Amino acid sequence: MKSEHIPKATIKRLAMYVQVLETLKREGSQVVSSELLARACSVNPSQIRKDLAYFGEFGVRGVGYHVQDLIYSIKHSLGVDRVWKCALVGVGNLGKALLRHQDFKFRGFDIVGAFDCDPFKIGEEVSGLEVVCTRRLKDAVKELGIEIGLITTPVNRAQRAANFLIEAGVKGIINYSPAMLTVPSDVYVEYVDFFHHFYSVAFSITLDRKQDRPGVDSTDEDDA
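What counts and what doesn't
- Residues numbered from 1 in each chain as written.
- Predicted model: local features only at pLDDT ≥ 70, side-chain atom pairs only at ≥ 80, totals over all residues.
- Heavy atoms only, no water.
- Axes fitted to C-alpha atoms, helices over the stretch in contact; angles between N-to-C directions.
- Helix = DSSP H or I, 4+ residues; strand = E, 2+ residues; numbered from the N terminus.
- Parallel < 35°, antiparallel > 145°, perpendicular 65-115°, else oblique.
- Contact = heavy atoms within 4.5 Å.
- Nonpolar A, V, L, I, M, F, W, Y, C, P; charged D, E, K, R; others polar.
- Patch = residues over 30% accessible without salt bridge, like charges linked within 9 Å, V, L, I, M, F, W, Y side chains within 5 Å.
- Areas by Shrake-Rupley, 256 points an atom, 1.4 Å probe, with all protein chains shown as cover.
- Salt bridge = Lys/Arg side-chain N within 4 Å of Asp/Glu carboxyl O.
- UniProt positions renumbered as here; feature names shortened; annotations may be inferred.
- Core = buried A, V, L, I, M, F, W, Y, C linked by side-chain atoms within 4.5 Å.
- Buried < 20%, exposed > 50% of the residue type's maximum accessible area, 1.4 Å probe, protein only.

Visitor: Tell me what's going on with the packing of helix α1 (residues 8-26) against helix α2 (residues 34-41), and back it up with residues and numbers.
Guide: Where α1 contacts α2, the two axes come as close as 10 Å, and the packing angle between them is 110 degrees. As judged from the angle between their axes, α1 and α2 are roughly perpendicular. Only Leu37, Ala40 and Cys41 of α2 make contact with α1, whose side of the interface consists of Met16, Tyr17, Val20 and Leu21. Its residues placed into classes, the contact of α1 with α2 shows 7 nonpolar, no polar and no charged.

Below is the structure:
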C-alpha cells in the first residue's frame, strides 16, 4: 500500500470493482480493460487508475487487467482475502433477512452468532443459528473469534447493543439502526441508512420534473 490515507469513497468504489470483476470472472473473462471496467462501474477510466494507484501498480499497458489477479490484489489490500466472523444483534425482520442472506458468507463475512434480549426470540433458530441472549455476547466473541458486529435493533436499543459489542471487544460495527452511536476512538462504525438512497432518488426525480415543466425556471423556484 502506497498510502495509509485513503478516502472512504475510494474504498466504496474498490468494493464495487470487486463485485463487477467477480461477475466478469463468472462469465469467463480473463482480462478486462480499464475502459470496460469503468463503463461497468459507471466511473471514468482515470478514476479506476487513480483508485488502484493507492495500492501499487496494476495492469499491463495495451492489455488491461488480469481479472483474477486484480480481484486478489484488491481483496488483499482491503483485508478481505480471509473470513471475518460476525455477530448480529437484534433478530427482528431485518435481522432475520440478513441472517438468511447468503452473500455475506460468499464475500467473506460469516455471521456466526445471533443475539437478542427478547425472551420470546431467545432459543429460536434462524438460518441454522440459535438466537442467544445478548448478555452471553462476550463469551461468544471469545469462543467464536467474532470481530465485527451488525446492529439491527430498534433505534432506542442500538446504543445498548453497541455497548455489549464494545464490552465484548468487538472493534468494528455495522449499524443498520437510525441512531448515532457513541463509541471509543478505536471502534470503527459504518452506518447503513436505506432512506439516504430513497431521499437521493426522490430528489433526482423531483429535479427532473421541475426541469421538464415548460415555462418554469427551477432556479427561480429555489430562490422563492
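Visitor: Run through a nonpolar patch on the surface, naming residues and quoting values.
Guide: On the surface, Leu94, Phe194, Phe195, Phe198 and Tyr199 cluster together into a nonpolar patch covering about 570 Å² of accessible area. With 4 residues, helix α9 (residues 194-212) is the largest single contributor of residues to the nonpolar patch. Along the chain, Phe195 turns up in helix α9.

Visitor: Lay out the UniProt feature "domain: CoA-binding" (unreviewed entry) in the protein chain with the relevant residues and their values.
Guide: In the numbering used here, UniProt assigns the "domain: CoA-binding" (unreviewed entry) feature to residues 79-180. Summarising residues 79-180: 28% helix, 28% strand, and an end-to-end C-alpha distance of 26 Å.

Visitor: Hey, could you go over the nonpolar core for me, with residue numbers and the actual values?
Guide: With 22 residues, the main nonpolar core has Phe115, Leu137, Ile151, Leu165, Ile173 and Leu181 as its most contacted residues. The set of elements that each furnish at least two residues to this core consists of β3 (84-89), β4 (109-116), α7 (137-144) and α8 (158-167). If one sorts the elements of this core by residue count, α8 sits on top with 5 residues. Sequence-distant contacts of Leu181, defined by excluding residues within four places in its chain, comprise Ile151, Ala158, Gln159, Ala162, Ile173, Asn175, Val189 and Tyr191.

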